[in-house]
Structure formats: C-alpha cells, structure tokens
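# Commentary on secondary and tertiary structure
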Amino acid sequence: MEKQQMEALDYHAEERRKAGFDVEEMKIVWAGSRKAYEISDRVARLVASDPVFRKDNRTMLSRKELFKDTLKKAAHAWKRIIELRLSEEEATKLRFFVDQPVFTDLHFGMQIIGCYAQTELGHGSNVRGLETTASFDPQTDEFVIHSPTLTSRKWWSGGLGKVSTHAVVYARLITDGQDHGVHGFIVQLRSLDDHSPLPGITVGDIGMKFGSGAYNIMDHGVLKFDYVRIPRDQMLMGVSRVTRQGKYMRSDVPRQLVYGTMVYVRQRIVASASSALSRAVCIATRYSAVRRQFGSRNGDAETQVIDYKTQQNRLFPLLASAYAFRFVGEWLKWLYTDVTRRLEANDFSTLPEVHACTAGLKSITTTTADAIEECRKLCGGHGYLSSSGLPELFAVYVPACTYEGDNVVLLLQVGRLLVKTVSQLGSGKKPVGTIAYMGRAEHLLQCHREVRRAEDWLKPQVIVEAFQARAAGMAVACAENLNKFPNQEDGFGQLSADLAEAAVAHCQLIVVSKFIEKLQQDIPGKGVRRQLEILCNVYALSLLHKHLGDFITSGCITPEQGVLANEQLRSLYSQVRPNAIALVDAFNYTDHYLGSVLGRYDGNVYPKLYEEAWKDPLNETVVPDGYHEYIRPILKQHIRVARL
C-alpha cells in the first residue's frame, strides 16, 4: 500500500511539473482578483480545518440526522462569522465552502427565518395560474389567505417544512370580488415562543428527494392555509397597494424595477454552474490521470486513461466549459450593475434583451447537470461510489434545471425575442446588446468564412462570425416559417422545438464572445493567456463539432471547413493534455470542499478508496444482522435439498 501511495503522490507531482503556465496566477484569474483569491484561499482552509463542518459521512446519515446536522452547521457558521468578525465577502465564502444548503442563508442576523412560498402542488412555471387566494375584508382591514383546492397547497419552498417562522406568500389578490392577479404577502407561520404552527396553518415536509444526501438535508415544505387572517399592511406594496377602503391602486414605481433582482438571481445561478462544473471536472481530470487501463507492453505501465483520445474528447470540452461559464458569469455581474444604473435613471430600453439574455444563459449553463453525469461516467465504476463525490454533486445541482424557470420555457422566451427582432429589421430599429449582430444578418448569411487551413479556426473573428451566422440563420428561418401560419400563437406552438434550438445557438454565441472578450483584457502570469486561448478555442470548436449540422445548414460554413475545425480541435486536445492537472489545480479547491476520494490533490486514490469502504456501517459487524433469521435458514434448506 505504501508503494501505491508514493507512486500516486509522485505521479501527480510529475503531472504538475509539465504545466506550461503560472498556476498561482491562473488561480487569481479564476477568482477574479488577487483579493478575492486570498479571501477564498484563507476561508477554504478555515472551513476544512473545522471538525464541525465535516461532511464525509453525509451519505450515511438518516434523514433526521442529516437535518439536525444542517441545523448544527448553520448555527456554528453564524457563530464563527461573529467570533472572527468576518466581512460580508468572507462570510459568503464561508457558507460557500461549508457546501451544504442551509435554511439561514438569507437570514443571517435576523430574528425571524423566512422562506419564499410561490410554487404550488399544481403550478410552478405558470405563475399566473397560482390558486392560493388573498381576499380583502374591509370590515376588519385584513387579508384572508386561503388554499381553495388540493393543487393550491404551497410546495417545494426550502426551509418551510420545519424551520421557517414566516413566509412571503404569493396569492391571487381579490378585492370586492375582482381578481387582480398574483401579489406577495408576508405571513407568519409559526409561534415565536414554541415554534408551533399558528391557527389555520397546516405545514410539513414534502418527503425524501433524489440522492442519498444532497437536498435531503433541507426541509422543503408543503403549506395549506385555512382562512388565515393577516393585517393589510403585510401586503408587499412596492408596485401596487390596497387602501383602507379596499381600493386597488398601482403605484408610480415602475414595475420594470423587478428586473434588477431577476438579473442578480440569474447571475448567481450562472456562477453556481461554473462552481459545480469545475468541481466535477476537477475530480474527473485528476482521477483520469491516476487511472491506468490497457496498453501495457513487455511489463510496462498501462496507459493513463487521460491519454486516450476518447477520454480527452469527452473531458476537455467540459474543462473549457467550466472556464467559459466562469467568465460569462463575471460579465453578468457587470450587466447587473449596468441594469441597476439604467433602472435608477428610468431607462428601460435594454430590458427585453437583458431578460432574454439572462433567461437563456441560465438555461444553457445549467446543462452542467448533464456534464456532472458525464464526469461520473468518465470515472468508470468508481464514479458510482458515494465516496467519489459525484453522485451527491449531481443530486444537489440537478434541481437548477427547473428552479427559477424551467430551462425549456426560458429558451422559448429567448426564441420569441429573436423572431421579433428579425421581424423588426426592416423598420430601422437597431438591435442592441447581445442581439446587436442581428442587424448584420443579411451580411452574415451571405458572407463566406475565410477558412482554408485548420489553423484559420484559431482566429477569434472567424469563430465569432461563424457563431453569429449560425444564430442569425436559425432565427431568420424560424421567423420565415412562423409567417406561414395564419395564427402566430399556433405557429409558436408548432415551431417551439426550432425556437429553442435557435435560442441555444444565440446563447452559445454570447458565451463564446464573452470568453474572447476576456482574452482581450490584461492577463498577467507566464503562459496564462496562452492556456486560456487554448481553452477558448476548445470550447468554441467543440460546440461547432457538436452542432455541425446547424452550422452547415445555415450556410455559414462548408462541410470541408467543418472537417478542418475538427482537425484543429484534435490538435488543441494535445495542447491541453500536459496542462490538464494544473488547470484544475487553478480552481484552488481543498480536498474538504471537493469531498471526493477520486479527486484528491495528492492522487492517493486506491488506498483511500479501500479505507473508505471499511467505514460503511455494514462493515461494523463481520456477520450481518439478519443472518440467523434469513440467510442461515436458506443455507440449511439448500443443504437438506442437496442431500436428498
């Protein structure tokens, strides 16, 4: 075992010596700034060294034990934040590295614990279809909150099942028999003395969810209201209000202000996609360098799995995607600042484009769920073990495909904007922001790419124009087909799959463009820019290869140019290979945060896998429980039958 351990340790050290760039500088690029890197590094080590934040036993805990463990960690995190006088940025990083969804994330320092109760048993994405009612009673100056049907029960709200004392409840506002649509209300759910549900409140947990640990540590709840009364002033009246006399009035505050919050939330989702994908890729890359299979000749060592081209073809685009999502997330931070500034100046001109942009990016980056599963398969059989960290990572992340907007629904919103933009091209109205390229649609569709050699695909302008032409061509085709329908809504229904594909093309263009823009910034460190250029090209050309049919049918490239792109992609994989371990080291994740035996920094995989196996509760006894009741009688019966 000692020989195995030393070989693994020495092996990863050799891999790191191959790196052709300054890893420490790449860590700073990944973090966003030197200050952010230093804070992240310091806090990560603080969390990793604290025994209360232990998580290696999570998948072996019962549901009740998981929930209590979450309560303990949440309380301890808050205690440490106060004791160490952590800044807001440091506190945010601490909760990030604790790596456990916690009900108090939005409520540090408050005397109540709230939750967001919008989704119902029967309605999620269709907010207008919510059934919970809030009827105003002018006699008592109160709203009466009620769940009129089984499907109107609130469902899925995190922290609702057992912990939250209050909720922001979304219900249909009714005054004098008139339905004014869905509005928000603050409703107390539990007593602040003994935590028992208040009269008219039925609340509980919705039960076990996907995965053995994952979100089973959270108390996602079900909530029923039975004519619960709340004061009128507990309605959220930022954009509309109800007077004492029961008159419904809209305020002068522009309703578009809610877009600022939407952009912020979706920016956070894109950032979390990068974090989750980089974890999975880190695990798969490190293990691929440790694992050896086949290729042994004359007693030589077998071939490292990472050296197989099939492994590189599946793994390296995911590595490039982690960096691409990171940088588009950084751009979304800027976009949030820009939108906030514009809203404060009552400038709403860019909102339709911003809404579509953030909706689409949320959708395509949360395909990270599929990428995590691919990383699990890249680790072979051992990837299926809980100790690999990948099954739980997948289970924790996969809900992102649904919450804050179903991914397909969001893509259709983008598709609608694209065909609307095409229809307005002849009106003189210029597209703005990320759809500005649509103003050049005619040129893009007529222009042929200057690609005669494989190396031509390394030119940023060639790549960007190819992606622009593909996106423009698909949007124009959708618009032309839509015009064939006498009824536009029928057309949208029939063409929904095409619209979603056009939206994906548009959003992939955004990510590629923002990666290229990142490369135009000042990037310090030996070889760092070069490695990012390689990753950018891998990301772009792997997408081109995957969607080659779209590029060719849109007329933006020829089949021969597609062949050259694939040839260049293979060459890029060879350039990524010697730097692969260093590129995932740049994520700067501690072993505690990764939570994976396969992804250990030191490569000490096999001894640790063996060690982890013996920690399983089944191995606490040599003879299993139930042997005498079930196994022994069967064996004795077989012996008697054999003797006959």
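Basis of the calculations
- Residues numbered from 1 in each chain as written.
- Predicted model: local features only at pLDDT ≥ 70, side-chain atom pairs only at ≥ 80, totals over all residues.
- Heavy atoms only, no water.
- UniProt positions renumbered as here; feature names shortened; annotations may be inferred.
- Helix = DSSP H or I, 4+ residues; strand = E, 2+ residues; numbered from the N terminus.
- Rg over C-alpha atoms; globule rule 2.2 N^0.38 Å.
- Buried < 20%, exposed > 50% of the residue type's maximum accessible area, 1.4 Å probe, protein only.
- Contact = heavy atoms within 4.5 Å.
- Areas by Shrake-Rupley, 256 points an atom, 1.4 Å probe, with all protein chains shown as cover.
- Lys, Arg positive; Asp, Glu negative; His and termini not counted.
- Charge placed at Lys NZ, Arg CZ, Asp CG, Glu CD.
- Pairing = 2+ DSSP bridges.
- Axes fitted to C-alpha atoms, helices over the stretch in contact; angles between N-to-C directions.
- Core = buried A, V, L, I, M, F, W, Y, C linked by side-chain atoms within 4.5 Å.
- Expected span 1.5 Å × (residues − 1).
- Bend = angle between axes of the 7 residues up to and from the residue.
- 1 Å grid on protein atoms, 1.4 Å probe; cavity = no way out; pocket = protein on both sides within 12 Å on 5 of 7 lines; lining within 4 Å.
- Points joined across faces, edges and corners; volume = space filled by probe spheres on them.
- Nonpolar A, V, L, I, M, F, W, Y, C, P; charged D, E, K, R; others polar.
- Left-handed = near helix turned anticlockwise from the far one by under 90°.

An unreviewed UniProt entry lists the protein chain under the name Acyl-coenzyme A oxidase, from Hibiscus syriacus. We quote the UniProt Sequence similarities (unreviewed entry) comment for the protein chain here in full: "Belongs to the acyl-CoA oxidase family." What the UniProt record of the protein chain gives under Subcellular location (unreviewed entry) is the line "Peroxisome".

### Details of the overall build of the protein chain
Scanning the protein chain from terminus to terminus reveals 22 helices and eleven strands. For 644 residues, the compact-globule formula gives about 26 Å, and the C-alpha radius of gyration of the protein chain, at 28 Å, lands near that figure. With respect to the principal axes defined by its C-alpha atoms, the protein chain has extents near 90 × 75 × 65 Å. Burial analysis of the protein chain (644 residues in total) assigns 50% to the buried set. Within the protein chain, residue pairs in contact and separated by at least 24 positions form 73% of the contacts whose partners lie at least 6 positions apart. For the protein chain, the accessible surface area stands at approximately 31,300 Å², while carbon and sulfur atoms represent 54% of it. Where the 79 positive side-chain charges of the protein chain centre and where its 73 negative ones centre are 1 Å apart.

### Describing the UniProt feature "domain: Acyl-CoA oxidase C-terminal" (unreviewed entry) in the protein chain
In this numbering, the UniProt entry assigns the feature "domain: Acyl-CoA oxidase C-terminal" (unreviewed entry) to residues 460–636. Span residues 460–636 is 71% helix and 0% strand, its end C-alpha atoms 74 Å apart.

### A look at the pairing of strand E5 (residues 166–175)
Most of E5 is tucked away, with eight of its ten residues classed as buried. As defined by bridge partners, strand E1 (residues 114–117) adjoins E5 across four bridges and the pair is classed as parallel. The partner of Tyr116 across the bridge, within E5, is Val168. The pairing of strand E2 (residues 133–137) with E5 spans three bridges and is classified as parallel. For Ala134, the partnering residue across the bridge sits in E5 and is Leu173. Where E5 meets strand E6 (residues 178–188), nine bridges bridge the pair, whose relative direction is antiparallel. By the bridge assignment, Tyr170 is partnered in E6 with Gly184. Counting the residues that bridge the hairpin from E5 to E6 gives two residues, and of these Asp176 lies at a positive phi of roughly 50°.

### Quick look at the sheet that holds strand E4 (residues 154–157)
To summarise the sheet geometry, strands pair through backbone hydrogen bonds and adopt either a parallel or an antiparallel arrangement. What the three strands build is an open sheet, ordered E4-E8-E7; its pairing is antiparallel. Since the sheet does not close on itself, it has two edges, and those belong to E4 and strand E7 (201–205), each with one partner. Direction aside, neighbouring strands of the sheet carry axes that sit 20° apart on average. Two strands pair when backbone bridges link them, and E7 and strand E8 (residues 221–225) are joined in this way by five bridges, in the antiparallel orientation. Its bridge partner being in E8, Val203 is matched across the sheet by Leu223.

### Overview of the nonpolar core
Of all hydrophobic cores here, the largest spans 145 residues; its most connected members are Tyr323, Leu361, Trp457 and Leu532. With 16 residues, the top contributor of residues to this core is helix H7 (residues 309–344). When residues no more than four places from it in sequence are discounted, the contact partners of Leu532 are Met26, Val29, Tyr323, Phe327, Phe515, Leu519 and Ile523. Formed by 23 residues, the second largest nonpolar core is a distinct cluster that contains Ala171, Leu173, Val187 and Ile230.

### Things to note about H7
Compared with the 52 Å implied by 1.5 Å per residue over 36 residues, the 52 Å span of H7 between its first and last C-alpha is a close match. Of all the bends in H7, the largest measures some 25° and sits at Leu315, one to four residues before the proline Pro317. Once H7 ends, the next one or two residues include Asn346, with phi positive near 60°.

### Observations concerning the layout of surface pockets
The method is simple in principle: a probe with the dimensions of a water molecule rolls over the atoms, and the space it marks as empty is what remains. Within this model, the second largest pocket holds a volume of roughly 650 Å³. Forming the walls of the second largest pocket are 23 residues, and the residues nearest its centre are Leu318, Ser321, Thr367, Leu543 and Lys546. Per element, the largest residue contribution to the lining of the second largest pocket is six residues, and it comes from H7. Here the lining of the second largest pocket is built from residues that sort into eleven nonpolar, eight polar and four charged.

### A look at the packing of H7 against helix H9 (residues 368–378)
Relative orientation of the contacting elements H7 and H9 amounts to 140°, with a least axis distance of 11 Å. Handedness of the H7/H9 crossing: left-handed. On the side of H7, the interface is formed by Gln311, Arg314, Leu315, Leu318 and Phe325, while H9 contributes Thr368, Ala371, Glu374, Cys375, Lys377 and Leu378. When grouped by side-chain class, the residues that make up the contact of H7 with H9 number six nonpolar, two polar and three charged.

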